[in-house]
Amino acid sequence: MGTLMGVYLPCMQNILGVILFLRMTWMVGIGGVIEAFIIVLMCCSTTMLTAISMSAIATNGVVPAGGSYYMISRSLGPEFGGAVGICFYLGTTYAGAMYILGCIEILLIYIAPQAAIFKMEGLEGPEAEAAMLNNMRVYGSLVLTFMAIVVFVGVKYVNKLALVFLACVISSILAVYAGVIKTAIEPPVFPVCMLGNRTLIWKGFDVCAKVMERENATVTTKLWRLFCDSEFLNATCDTYFTNNNVTEIQGIPGVTSGILKENLFGNYLEKGVILQKNGLSSYDEPDAVPTNTNRYVVADITTFFTLLVGIYFPSVTGIMAGSNRSGDLRDAQKSIPIGTILAISTTSFIYMSSVVLFGSCIEGSVLRDKFGEAVRGNLVIGTLAWPSPWVIVFGSFFSTCGAGLQSLTGAPRLLQAIARDGIVPFLRIFGHGKANGEPTWALLLTAFICESGILIASLDSVAPILSMFFLMCYMFVNLACALQTLLRTPNWRPRFKFYHWALSFLGMSLCLSLMFICSWYYAIVAMVIASCIYKYIEFQGAEKEWGDGIRGVSLSAARYALMRLEEGPPHTKNWRPQILVLVSVDAEQNVEQPRLLSLTNQLKAGKGLTIVGTALAGTFLDNHPQAQQAEQSVKKLMETEKVKGFCQVVVSSNIRDGTSHLVQASGLGGLQHNTVLVSWPRNWKQAEDHQLWRNFIELVRETTAASKALLVAKNISAFPSNGERFTEGHIDVWWIVHDGGMLMLLPFLLRQHKVWRKCKMRIFTVAQMDDNSIQMKKDLTTFLYHLRIDAQVEVVEMQDSDISAYTYEKTLMMEQRSQILKQINLTKTEREREIQSITDSSRGSIRRKNPAAVTTQLSVTEEPAASSKEEKPEEECVTVSPPPQEQLIHDKSTNPPTPATPQSPAAEAETPSTVVQMTWTETKCDGEQAKPLGITTNEAIKDLFNMKPNQSNVRRMHTALRLNGEIVKKSQEAKLVLLNMPGPPRNRTGDENYMEFLEVLTEGINRVLLVRGGGREVITIYS
């Protein structure tokens, strides 16, 4: 088919319909010419902008059957496509109900009123209204059944009749224009009878007068008998009838009469109000209740501007008729834009001219008369038609029948297209049909939904419902075009060039505005339905990859977000664990520590990034299949454990290097891991596995060098799965050194998960014998209160010598921790200064120099080259001054502070920082202050290595045993123990002793999480 028969005429037939014939004159009368024109302009602009967007999408490739659904789903993805497709289907189905109700309204009111099953004679008010609605329901159901059978038997008959119905519509519109021209020459005679200024129903009387002269005598008329108790002149009559005159006015004054001035402005009415004409005299007694209201024309519903918009909008729908037939068109990419835009232009002209012409030709009280009761029950638009009102009556009747049949034909096919796509599982049954492909089951469902609209029985109530569904569909067509244009997808090459993203956004905004203007509650219901379908498809629907625009939006948004993250490091308040989980796989590429992913899921209450990485030994070319298998295995386990994140498999010459590559290179830009989670190497003491623990210690060193936090789960197989629940118990934290708050934050995150929710948190801190334990406990309790963390506090007293070998950061061990607790006593001014300095430092703009605003710098320093060829120990330089909780531990610096001369005790007392150096190697003095770097001598270095190894080992094991004894005693029954993890020695000959130390330290504890901070604050007392 070509443009005329395939697009233009079908769009005309679908757009021009029941609202034009049944409600247009009433809308002009109620809203006035100006407001009615604004409504028409808004609605027609919306459809024109939508047609421009639709033309761009329709000409960007082949559009098969399914029309608008196909366009939206392929542009916005299956979720949006399914949601909008079902909304469009519901809109088309309810349109069928609206057309059938319009058809019945024409039949029962204008063609055969005597056919009513529920008689309305003598009824008034709610009773008459109920009888009318019941008639609509009965006849509507019968007509729907008949139409469904016609569609079932043969769609070809419907298509053949389509041209006949279109001819009826065009002839009716031409009759109206002819009638308007005739009114300028000779207006038709349609008198309207007025009592006072009230409009009377012209029914039951023939003469518009109270009395008339007959054979030289004054006799009463039938109108008199309607308001009086007898036909005699001395009868008792209605008060208003007695006090006011009866006048007859012309219902159709004509286009040259100047009636347009009276009809320019709106005249909104409450339900039950009698229609009145301005300018006529009327006398009514004060506070008198109107009687005989069934004799007057009254408003059947309360009217307002937004109601008119909702009722009118369905009259501009139907613009998709051409695109729905795209499969039958000779050249769809040429015909759809031209035919659709021409059809909208033509119908927009008809509607806009109709508003002005109706207001110029017809009396206002007649315009407001919805059912033509004042003009002897004629269709109001019919009174204007030439040569006869019956042209319009029969023309509109057949056009509504045809439109109803078209809706019942199109809606099942749309549902069948959605069902066959398989994106909505519960709709799959509706994809089946007869042998020739006719959608039988879909037709049955359409008929049931259509029946629900018919049972509403009111055209004015059904119209806003389908307005919502169509507006939502049009909104997403505009959104699809705007997105594709803005994203500049390489595949976006429409042949139709007259589009722009700004026009699409304007169309989308108009659709959204009209939805809420029509009816805000219907709009919300439609959005909720669409959202539910969207979510259902997202969670249950089939996976479809159609190269949709939403994926392009995701890519653009991800790129923008990554660029923003690059702007600077996160503030302490925004810190959350971005975890790199290092797992190992066996020979079959299955993950050996699945519980590690369970723990990851439990820690992800802080959301953030998760990368699960594993390393394979070999070359990439030889091991590519194994790498893919390992990736699938890890992804499957992540799905099982509900870990949302990414998987990364690295193939390297050895496992050690592969792990190092993961630690260094995982993540992208600002979205990188800051925490590494790994399990404790099992059976590390066995000779054949010696490389296992060496790799582990190298990993610890690398995470420290990269300023990453490290979490080591010991006895990982004993950790709970996600399905387990602890109904009671404790998570114990052994806070020996301040590590930036990781030890405080991790239990809080764990307790957000349902596995650990019932567990209580306990914090144990170690005090020296000469410390004030009571004050320390009080300070720590206050500190936790300010951190908004609920935990029990317990102070364990031990000899200083018992814990001095535990860590290099001896000063941090007691002094820093104590001063952190004291920082809560800062004055308000100092706190404000502190917060400002933290903000400045985090942006890298200044370094704090104020002694009251303290910075702790953790610096790995390389000593100057010396004559001795022996390996130098790793030394950590800790600069400590009274630090507040909100401190920044800067990254390891290559230029550490190096005091030139040792300071006297007096000088130390006055200086805000003290340099203390400790080491894990065979040191001469594990707990003593070392010489400043500037005066380090070869002798001092030699002394460090001349110490007898056994002596320092004994001290360390003594420390581990004493601490382990305390931990076992206090935390034997704890569900989880979190513990500071000391760093490994630089001198690799001490690696085995380090592993032994950690083994002794954690012996006898069921579940242990060793924590090593990443060198920055991760928790704050400030909001």
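Scroll up a little and you will see the structure.
Bear in mind that the values here come from a model prediction, so they are computed numbers and not experimental data.

Caption draft 1: Local environment of the overall build of the protein. The helix and strand tally for the protein stands at 33 helices and 19 strands. For the protein, the proportion of its 1023 residues judged to be buried stands at 54%. Sequence-distant contacts in the protein: of pairs separated by 6 or more residues, those separated by 24 or more amount to 80%. When the accessible surface of the protein is totalled, it reaches about 45,000 Å², and 57% of it is carbon and sulfur.

Caption draft 2: Focus on the pattern of salt bridges. The tally for this structure, following the rule as stated, stands at 17 salt bridges. With a closest N to O distance of 3.1 Å, Glu363 and Lys277 form a salt bridge. Taken together, the residues Glu363 in the loop between helix H12 (332-361) and helix H13 (364-367) and Lys277 in the loop between strand E5 (246-250) and helix H10 (305-312) connect sequence positions 86 residues apart. Neither residue differs from the other here; Glu363 and Lys277 are each classed as buried. A salt bridge links Lys535 to Glu538, with the nearest nitrogen and oxygen atoms 2.9 Å apart. Note that Lys535 and Glu538 are positioned in helix H19 (residues 520-540) at a spacing of three residues, about one turn of the helix. Using a relative accessible area of 34% as the deciding quantity, one classes Glu538 as partly exposed. Each of Arg23, Glu105, Asp300, Lys370 and Asp460 takes part in one network of salt bridges that share partners.

Caption draft 3: Broad picture of helix H7 (residues 155-185). An ideal rise of 1.5 Å per residue puts 45 Å on 31 residues; H7 measures up with 46 Å between its terminal C-alpha atoms. The largest bend in H7 comes to about 30 degrees, at Leu161.

Caption draft 4: Molecular detail of the nonpolar core. Among the nonpolar cores identified, the biggest contains 163 residues, and Tyr312 and Tyr351 are the most heavily contacted of them. Residue contacts for Tyr312: discarding those within four places in its chain leaves Ile19, Met24, Met27, Ile39, Val40, Cys43, Cys44 and Tyr351. Leu596, Met638, Phe783 and Leu1009 belong to the second-largest nonpolar core, a separate cluster that totals 54 residues.

Caption draft 5: Here's a closer look at the sheet that holds strand E11 (residues 730-735). Taken in spatial order, the ten strands line up as E8-E7-E6-E9-E10-E19-E18-E11-E12-E13 in an open sheet, and their pairing is mixed. Sheet topology places strand E8 (646-652) and strand E13 (792-797) at the edges, where each strand pairs with a single neighbour. Taking each pair of neighbouring strands and ignoring which way they run, the sheet shows an average axis angle of 20 degrees. Strands strand E6 (579-582), strand E9 (675-679), strand E10 (709-714) and strand E19 (1008-1012) of the sheet are contacted by helix H24 (residues 690-705), whose axis makes an angle of about 170 degrees with E9. Along the sheet face, helix H25 (residues 742-750) touches E9, E10, E11, strand E12 (760-767), strand E18 (976-980) and E19 and points at about 170 degrees away from the line of E11.

Caption draft 6: Summary view of the environment of Pro594. Looking at where Pro594 falls in the secondary structure, it is placed in helix H21 (residues 594-603). Taking relative accessible area as the criterion, Pro594 reaches 35% and is therefore assigned partly exposed. Along the sequence, Pro594 and Val583 sit eleven residues apart, while their C-alpha atoms lie 8.4 Å from each other. Discounting chain neighbours no more than four positions away, the residues touching Pro594 are Leu637 and Glu641.

Caption draft 7: Quick look at the sheet that holds strand E2 (residues 198-199). Overall, antiparallel pairing links the three strands, which are arranged E2-E1-E5 in an open sheet. Edge positions in the sheet fall to E2 and E5, since each of these pairs with one other strand and no more. Both strand E1 (residues 191-195) and E2 contribute to a ladder of two bridges, which runs antiparallel. Residue pairing for E2: Leu195 is matched across the bridge by Arg198.

Caption draft 8: A look at the pairing of E9. Counting buried positions along E9 gives five out of five residues, so the element sits mostly inside the fold. Judged by which residues are buried, E9 turns out to be covered on both faces: Thr675, Leu677 and Ser679 on one side and Val676 and Val678 on the other are all buried. In terms of strand pairing, E6 meets E9 through three bridges, oriented parallel. Counterpart to Ile579 in the pairing with E9 is Thr675. In this structure, E9 lies alongside E10, joined through five bridges in parallel fashion. If you follow Val676 over to E10, its bridge partner there is Leu710.

Caption draft 9: Expanded view of the packing of H10 against helix H18 (residues 501-518). Running from N to C, H10 and H18 cross one another at 115 degrees; their axes reach a closest spacing of 8 Å. Packed against H10, whose contacting residues are Thr306, Val309 and Gly310, the element H18 presents Leu514, Ile517 and Cys518 at the interface.

What counts, and at which threshold
- Residues numbered from 1 in each chain as written.
- Predicted model: local features only at pLDDT ≥ 70, side-chain atom pairs only at ≥ 80, totals over all residues.
- Heavy atoms only, no water.
- Helix = DSSP H or I, 4+ residues; strand = E, 2+ residues; numbered from the N terminus.
- Buried < 20%, exposed > 50% of the residue type's maximum accessible area, 1.4 Å probe, protein only.
- Contact = heavy atoms within 4.5 Å.
- Areas by Shrake-Rupley, 256 points an atom, 1.4 Å probe, with all protein chains shown as cover.
- Salt bridge = Lys/Arg side-chain N within 4 Å of Asp/Glu carboxyl O.
- Expected span 1.5 Å × (residues − 1).
- Bend = angle between axes of the 7 residues up to and from the residue.
- Core = buried A, V, L, I, M, F, W, Y, C linked by side-chain atoms within 4.5 Å.
- Pairing = 2+ DSSP bridges.
- Axes fitted to C-alpha atoms, helices over the stretch in contact; angles between N-to-C directions.

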